[in-house]
Amino acid sequence: GEEMGWLGAKAFAEHHPEMGHIGVAFAFEGWPESGPTEMRATSPGDAWLVRRLSVAAPPVWANSNYNTDERLYHGSDFGVLAAAGLLSAEFENSGSATRHHRPGDTVEAVNPAIVQDHGDTMLILARYFGNLDLSRAHSSSEDLVFFTLPGFGLVAYPTWLATGLSVVAVFLLVAVIVAARRQGRLSLARLALGTVALFVVVLAGFALAAGVW
C-alpha cells in the first residue's frame, strides 16, 4: 500500500495518536542503484527547519529548486505527511526506476554504500534533533532559498533576498551592455549570439541541478 495510494502514510496521518506529538518528520526513499543521499524537498514554511538543518549539517546535497508547487502531491510518503501539516523533509538517493519495485529489486541489487549513506544521514539528524526542544518546532510564514555549497555546507537565505539579487544582477547586466555599446565594443550581432549562449548555459545548469542529466 505504499506506492498504490500511500495507504500506510495516510492511515498514520489520519488515525495514529502520535500524530499530535511529532515535532519534525524525515522521510527516506531509496533506489536499488546509484546515489548518494540528497535532500529532495521540505514542507511549506520551512525557514525554522532549514536553519536547523544548516547547523546539523548532514552530508547530503540539497537544493530548494526541488521545492516546486507540486511537492505535496508528487506521490510519496513525504507528500502525505507534509500535506497533513507535519514539518518535514524528504531524503532520497538519485537513481533510475529500472529495478525499483520490480522483480529485479532484490537485496543483492542494493548498493551497501547507499544503505550506509542513508544510515549516516539518519544518525546525524537523530542526534541533532533529538537534543532540541521539538515543542518549539514550527512552520514559518516563508520558505528559504537554500543550496549546498561544497566545502561550506548548507547556505540559506530568504526568498526576498533572492529576488533582490536577481534585480541587481539584471541592472548590472544592462549597465555593462550599455557601456560596451557606447564604447563601440559590442555589436548587436555579438549581443544576440552572447544572449543565446548564456540562455543555453543557464538551461543546462538548471537541467543538471534538477537531475535531468
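Bear in mind that the values here come from a model prediction, so they are computed numbers and not experimental data. (Residues numbered from 1 in each chain as written. Predicted model: local features only at pLDDT ≥ 70, side-chain atom pairs only at ≥ 80, totals over all residues. Heavy atoms only, no water.)

Brief notes about the pattern of salt bridges
If you walk through the whole model with that rule in mind, you get three salt bridges. The residue glutamate 38 makes a salt bridge to arginine 40 at a minimum N-O spacing of 2.8 Å. Residues arginine 136 and aspartate 133 are paired through a salt bridge, measuring 3.6 Å at the closest nitrogen-oxygen approach. Among the residues examined, arginine 136 registers a relative accessible area of 62% and is labelled exposed. (Salt bridge = Lys/Arg side-chain N within 4 Å of Asp/Glu carboxyl O. Buried < 20%, exposed > 50% of the residue type's maximum accessible area, 1.4 Å probe, protein only.)

Some words on the pairing of strand S5 (residues 144-149)
The side chains of a regular strand alternate between the sheet's two faces. Where S5 lies against strand S6 (residues 153-158), six bridges are found, and the strand directions are antiparallel. From the neighbouring strand, phenylalanine 147 faces S6, where its bridge partner is valine 155. With antiparallel pairing between neighbouring strands as the criterion, S5 and S6 make up a hairpin whose turn holds three residues, including glycine 151 at a positive phi of roughly 85°. (Pairing = 2+ DSSP bridges. Helix = DSSP H or I, 4+ residues; strand = E, 2+ residues; numbered from the N terminus.)

Considering the sheet that holds strand S1 (residues 25-29)
Read across the sheet, four strands follow the order S1-S4-S2-S3 without closing on themselves; strand pairing throughout is mixed. Each of the sheet's edge strands pairs with one partner strand only, and the pair in question is S1 and strand S3 (61-62). Where strand S2 (residues 37-42) lies against S3, two bridges are found, and the strand directions are parallel. What sits directly across from glutamate 38, in S3, is tryptophan 61. Packing of helix H4 (residues 112-130) onto the sheet brings it into contact with S1, S2 and strand S4 (88-93), and relative to S1 it is tilted by some 175°. (Contact = heavy atoms within 4.5 Å. Axes fitted to C-alpha atoms, helices over the stretch in contact; angles between N-to-C directions.)

Let's talk about the packing of aromatic side chains
Following the criterion strictly, the structure yields five aromatic pairs and no others. Their ring planes at 85° and their centres at 5.2 Å tell us that tyrosine 128 and phenylalanine 129 sit as a pair that is edge-to-face. On the basis of relative accessible area, tyrosine 128 is assigned to the partly exposed category, the value being 22%. Joined through ring pairs, the aromatic side chains of Phe26, Phe28, Phe91, Tyr128 and Phe129 make up one cluster. (Phe/Tyr/Trp six-rings, centres within 6.5 Å; stacked < 30°, edge-to-face > 60°.)

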